[in-house]
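Analysis of the macromolecular model
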Amino acid sequence: MSSQDVVIALTKGRILEETLPLLEQANITPSEDISSSRKLLFDTNLPNVKLMVIRGSDVPTYVEFGSADMGVAGKDLILEYGSSGFYEPLDLKIAGCRLMTAEPVDAGPAPDRLKVATKFTNIAKRYFAEQGKQIELIKLNGALELAPSLGLADAIVDIVDTGKTLKANGLVAKDLIAEVTSRVIVNKASMKIKNAIIKEILGKLREAVVRKHG
Ligand code: PRP
């Protein structure tokens, strides 16, 4: 890879599916089918633009430290990472969902010290502190929706899209913590050093978002 290459970090799944058409409108197309490949780094039609596919929660890390110049990450993961180590110049308005608190449908009055299970521990800590509520945080990495019915937690903080997962597990959404969409983030040094190409990509992506949403 040359020092003038621009590496864009993406995540498999909904973000990749919804980002690729926007990248295509910015004249960036991968040289092979990303979803069916086990590779992690991909060439594109542009010799100096590469795409990298990693876990969503790793995108902010790769971008902050400059191993990726740009990345696409959910606002939830950006808030959880909590860094000012990169720029966030563009909302792609894709992969929309909400970050919410949820509790059992039949929850009684809240205890003084709420037990909250989540993988978004930084967000939950900040949110409940702002509300002046004392909580005990329980870090889980998945299947959070089980925690209340098994007595592990009184409430959870998680992503809600259709609400089906909550409903299927006897939970109901309570407070909205943040509206989530995918954002483009850019490494601060790359923004200076590779300004021309990054600005061009951002400009074309912005046009694509405007075309889609007006
Ligand atoms: C998220 C979230 C919920 C589910 C909500 O999980 O953690 O489990 O989606 O969606 P719904 O409101 O449409 O039911 P995801 O599938 O993204 O996987 P994850 O557990 O790895 O976050």
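Cut-offs and rules
- Residues numbered from 1 in each chain as written.
- Predicted model: local features only at pLDDT ≥ 70, side-chain atom pairs only at ≥ 80, totals over all residues.
- Heavy atoms only, no water.
- Pairing = 2+ DSSP bridges.
- Helix = DSSP H or I, 4+ residues; strand = E, 2+ residues; numbered from the N terminus.
- Axes fitted to C-alpha atoms, helices over the stretch in contact; angles between N-to-C directions.
- Contact = heavy atoms within 4.5 Å.
- Expected span 1.5 Å × (residues − 1).
- Buried < 20%, exposed > 50% of the residue type's maximum accessible area, 1.4 Å probe, protein only.
- Arc of directions from axis to C-beta.

Description of the sheet that holds strand 11 (residues 182-187)
The strand order across the open sheet built from six strands is 2-3-1-4-11-5, with neighbouring strands paired in mixed fashion. Two strands in the sheet have a free side with no partner beyond their single neighbour: strand 2 (41-43) and strand 5 (86-91). Across the sheet, the mean angle from the axis of one strand to that of its neighbour is 25°, orientation sign disregarded. Sheet analysis places strand 1 (residues 6-10) next to strand 4 (residues 70-74), joined by two bridges and oriented parallel. Bridge pairing in strand 4 links isoleucine 8 to methionine 70. Together, strand 1, strand 3 (49-53), strand 4, strand 5 and strand 11 form the strand contacts of helix 7 (residues 195-213), whose direction differs from that of strand 5 by roughly 30°.

Let's talk about the sheet that holds strand 9 (residues 155-160)
A sheet is described by the order of its strands in space; here five strands give the open sequence 8-7-9-6-10, paired in mixed fashion. Two strands in the sheet have a free side with no partner beyond their single neighbour: strand 8 (135-139) and strand 10 (171-180). Neighbour-to-neighbour, the strand axes of the sheet open up by a mean angle of 30°, direction not taken into account. Here strand 6 (residues 97-104) runs beside strand 9; their pairing, made up of five bridges, is antiparallel.

Examining helix 7
Between its first and last C-alpha, helix 7 extends 26 Å over 19 residues, near the 27 Å set by a 1.5 Å rise per residue. Of all the residues in helix 7, the buried ones are Ile197, Ile198, Ile201, Leu202, Leu205, Ala208 and Val209. Viewed end-on, helix 7 has its buried residues packed into an arc of 130°, placing them on one side of the element. Opposite the buried face of helix 7, at more than 90 degrees from it, the exposed residues are Ala196, Lys199 and Arg211.

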